[in-house]
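Letter by letter, the chains look like this.
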Amino acid sequence: MRIEGTDIKETKTFVSAVSGVRLDVFLSVVTGFTRSRIKQLIDAGHIFYYPCKPVKSPAGEYQYGIAPSKFKSGETLKTGDKVIVEIPGDRTLDLSPENIPVEIVYEDEYLAVVNKPQGLTVHPAGGSESGTLVNALLYKLNSLSSINGAVRPGIVHRLDKNTSGLLVIAKTDEAHLSLSRQIAEKTAVRIYHAVLEGVIKEDSGTVNKPVGRDLKDRKKMAVTESGRAAVTHYRVLKRFDNHTYAEFRLETGRTHQIRVHAKHLGHPVVGDIVYGFKNQRFKSLSGQLLHAKELSFVHPVLNQAMTFKTDLPDYFVEVLRKL
């Protein structure tokens, strides 16, 4: 089974010689990749687009300067625009079904809803080639969609390893396309609960800040103007002396979005050692107190509105009790 690794096999740079061509069309021609493959690479953060803008040099001459920008597959290129493509390496891996404890909240012939525990990686990647949710799904479910390839069968959306809660899993390609469309069109509802450092003064609000790779640390995400649009709505559920119990609703789904936006608010998620405080009060925690508590969507085949809710994990409840 082929698996796309996290290591980069090669990096290629292309400069557009014409104006008016779509980014994905241009890259499809110069790389030989399909347009859907180009979109996957964009979504995974492997393509960097630098629009060419004329700037004045110290000698007084006009030349092209490079500046990063937010972009989509349908971006229209201009002459001189620069595009860098990171091509992930491929390696061989046999994905095996594994009897890993995962709660199946709901299942029919088209989809399943699971309650992912904290500490479980969703799909195989570098260093996590077994013991993932995908391995568990291969054991528990009789079929999985093939839209996301052999490495991420059935995976419509993801949760961080140390984020717990609800995920919808597609068992057929038809269901997968419908569910993905609902998430993209913002008709699916994903609600999270979290405990935050400090006390938020506002009862509710919205963070509308782009999220992209941290320019100083490529392993992390950050609020950055070169990132992609990201919108998170929040409301306070309860205030404590030095913490806030809050609800978040995702409008977009960028990597680490809630954790990054919580940090931007000045109130990072408790237990988040990547974006949170260095000195954590609750030493027993194994990850951030962030739980995907509610999930709503329209069934892709039955056309019925469906809503699922799950209880907070015991360790989450214990922290709230102590607070």
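Residues numbered from 1 in each chain as written. Predicted model: local features only at pLDDT ≥ 70, side-chain atom pairs only at ≥ 80, totals over all residues. Heavy atoms only, no water.

**Re the environment of tyrosine 139**
Part 1: Within the element layout of this structure, tyrosine 139 appears in helix 3 (residues 133-140).
Part 2: Each C-alpha atom of the pair tyrosine 139 and asparagine 99 lies 6.1 Å from the other, and the pair is 40 residues apart in sequence.
Part 3: If we skip the residues at most four places from it in the chain, tyrosine 139 touches Pro97, Glu98 and Asn99. (Helix = DSSP H or I, 4+ residues; strand = E, 2+ residues; numbered from the N terminus. Contact = heavy atoms within 4.5 Å.)

**What to know about the packing of aromatic side chains**
Part 1: One pass over the full model with this rule turns up four aromatic pairs.
Part 2: Taking 5.4 Å as the distance between ring centres and 45° as the angle between the ring planes, the aromatic pair formed by tyrosine 106 and phenylalanine 308 counts as tilted. Pair noted here: tyrosine 106 is in strand 6 (residues 103-107) and phenylalanine 308 is in strand 16 (residues 305-309), with a separation of 202 residues, a long-range link.
Part 3: Of the residues examined, tyrosine 106 reaches a relative accessible area of 22% and is grouped as partly exposed.
Part 4: A residue is classified by how much of its surface remains accessible, and phenylalanine 308, at 9% relative accessible area, is buried.
Part 5: An aromatic cluster is present here, built from Tyr106, Phe297 and Phe308 joined pairwise through their rings. (Phe/Tyr/Trp six-rings, centres within 6.5 Å; stacked < 30°, edge-to-face > 60°. Buried < 20%, exposed > 50% of the residue type's maximum accessible area, 1.4 Å probe, protein only.)

**With respect to unusual backbone geometry**
Part 1: At lysine 186, a residue that is not glycine, the phi angle is positive and equals roughly 65°.
Part 2: Even without being a glycine, asparagine 303 presents a positive backbone phi close to 60°.
Part 3: Relative to the elements of secondary structure, asparagine 303 occurs in the loop between strand 15 (290-298) and strand 16.

**Observations concerning the side chain of aspartate 272**
Part 1: Tracing the sequence through the fold places aspartate 272 in the loop between helix 5 (257-265) and strand 15.
Part 2: What makes aspartate 272 buried here is its relative accessible area of 1%.
Part 3: Apart from the residues within four sequence positions on either side, aspartate 272 is in contact with Arg259, Phe277, Gln280 and Gln288.

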